[in-house]
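Chain by chain, the residues:
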Amino acid sequence: MVREFTCIMCPLGCDLRAEAGQGENEDEILVTGNTCRKGKEYAVQELTDPQRNIATSVLVFGGELPLASVRLTRAIPKERIFDVMAEIRKQRLTAPVKAGQIVIQDVLGLGSDVIVTKAVGKEL
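Given the structure is predicted, the values throughout are model-derived calculations rather than measurements. Along each chain, the written sequence defines residue order, and numbers are assigned to residues from 1. Where totals are concerned, whole chains, interfaces and linings use all residues; where local detail is concerned, this predicted model gives features only for residues with pLDDT of at least 70, and gives and counts side-chain atom pairs only at 80 or more. For the side-chain quantities, the full set of heavy atoms in the structure was used; hydrogens and water were omitted.

1. Some points on the side chain of Asp113
Keep this limit in mind: Strands are runs of DSSP state E lasting at least 2 residues, helices are runs of H or I lasting at least 4, and numbering of each runs from the N terminus. Only protein chains enter the accessibility calculation, which uses a 1.4 Å probe; a residue is then buried when its area is under 20% of its type maximum, exposed when over 50%, and partly exposed in between. Neither His nor the chain termini are counted; the positive set is Lys and Arg, and the negative set is Asp and Glu. Definition used for salt bridges: Asp or Glu carboxyl oxygen within 4 Å of a side-chain nitrogen of Lys or Arg. Two N or O atoms count as a polar contact when they lie within 3.5 Å, although within protein this holds only if one can serve as hydrogen donor and the other as acceptor, and sequence-adjacent residues are included solely when both atoms are side-chain atoms.
Mapped onto the secondary structure, Asp113 falls in the loop between β9 (102-104) and β10 (114-116). Although Asp113 is buried, it makes no salt bridge; Arg74 carries the closest opposite charge, 9.3 Å away. At 2.7 Å, the side chain of Asp113 forms a polar contact with the backbone nitrogen of Asp106.

Written out as structure tokens, the structure reads:
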């Protein structure tokens, strides 16, 4: 299997080519095009266990803003994004909301919390 990626691990944005199952060792992954080791690590992860982070927003009642921005504290498996988004969409906060406040602890047992990234004060 051959896949091509643009690396997102540093500002260089290297064009990567990853080949899995080549040669004597079928588990080996050959990565080319990377300028640094992070590129190889990224390509291997994308082939074996793709992870993603989520940044979105949650409704806030009685706030100076109608929404509070939230994000995950660590990446989750790519195939679970829509499940996690469904859980986040169920949430409603009441102002005031503080940056760093946990909205959902250990969302879906994936080891990542959903936290607020920007404070929202009470409506004046």
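2. Considering helix α1 (residues 37-48)
The line we're drawing: A helix is expected to span 1.5 Å multiplied by its residue count minus one. Contacts are assigned to residue pairs that have any heavy atoms within 4.5 Å of one another.
Look at α1: 17 Å from first C-alpha to last across twelve residues, which is about the 16 Å you get at 1.5 Å a residue. Its buried side turned inward, α1 meets β1 (2-6), β2 (15-20), β3 (29-32) and β4 (51-52).

3. What to know about the packing of aromatic side chains
Our working definition: Each aromatic pair joins two rings of Phe, Tyr and Trp (for Trp, the six-membered one) with centres within 6.5 Å, and gets the label stacked for planes under 30 degrees apart, edge-to-face for over 60, and tilted for any other angle.
Across all of its chains, the model carries one aromatic pair by this definition. Ring centres of Phe5 and Tyr42 lie 6.1 Å apart, and the angle between their planes is 75 degrees; on these two criteria the pair is classed as edge-to-face. Placement of Phe5 in strand β1 and of Tyr42 in helix α1 is noted, with a sequence separation of 37 residues between them. Taking the relative accessible area as the measure of exposure, Phe5 reaches 9% and is therefore buried.

4. A closer look at the sheet that holds strand β8 (residues 92-94)
Within a sheet, neighbouring strands are paired by backbone hydrogen bonds and run either parallel or antiparallel to one another. In plain terms, the rule: Any two strands with at least two DSSP-identified bridges between them are counted as paired. Orientation is described by axes fitted as lines to C-alpha atoms, over the contacting stretch for helices, and by angles from 0 to 180 degrees between their N-to-C directions.
With respect to topology, five strands assemble into an open sheet ordered β8-β5-β6-β10-β9, the strand pairing being mixed. A strand with exactly one partner marks an edge of an open sheet, and here the two such strands are β8 and β9. Neighbouring strand axes in the sheet, compared pairwise and without regard to direction, differ in orientation by 40 degrees on average. Pairing between strand β6 (residues 67-72) and β10: three bridges, direction antiparallel. Bridging from a neighbouring strand, Leu72 pairs with Val114 of β10.

5. What about the pattern of salt bridges?
With the rule as written, the count across this model stands at six salt bridges. Note that Arg17 and Glu4 form a salt bridge whose closest N and O atoms lie 3.3 Å from each other. Taken together, the residues Arg17 in strand β2 and Glu4 in strand β1 connect sequence positions 13 residues apart. Counted as one network, the salt bridges with shared partners bring together Glu4, Arg17 and Glu19.

6. Remarks on the pairing of strand β5 (residues 55-61)
Where β5 lies against β6, five bridges are found, and the strand directions are antiparallel. The residue bridging Ala55 from the neighbouring strand is Arg71, located in β6. Counting the residues between successive antiparallel strands, the hairpin from β5 to β6 contains five residues, one of them, Gly62, with a positive phi of roughly 70 degrees. Alignment of β5 against β8, held across three bridges, turns out to be parallel. Paired with Leu59 across the bridge in β8 is Arg92.

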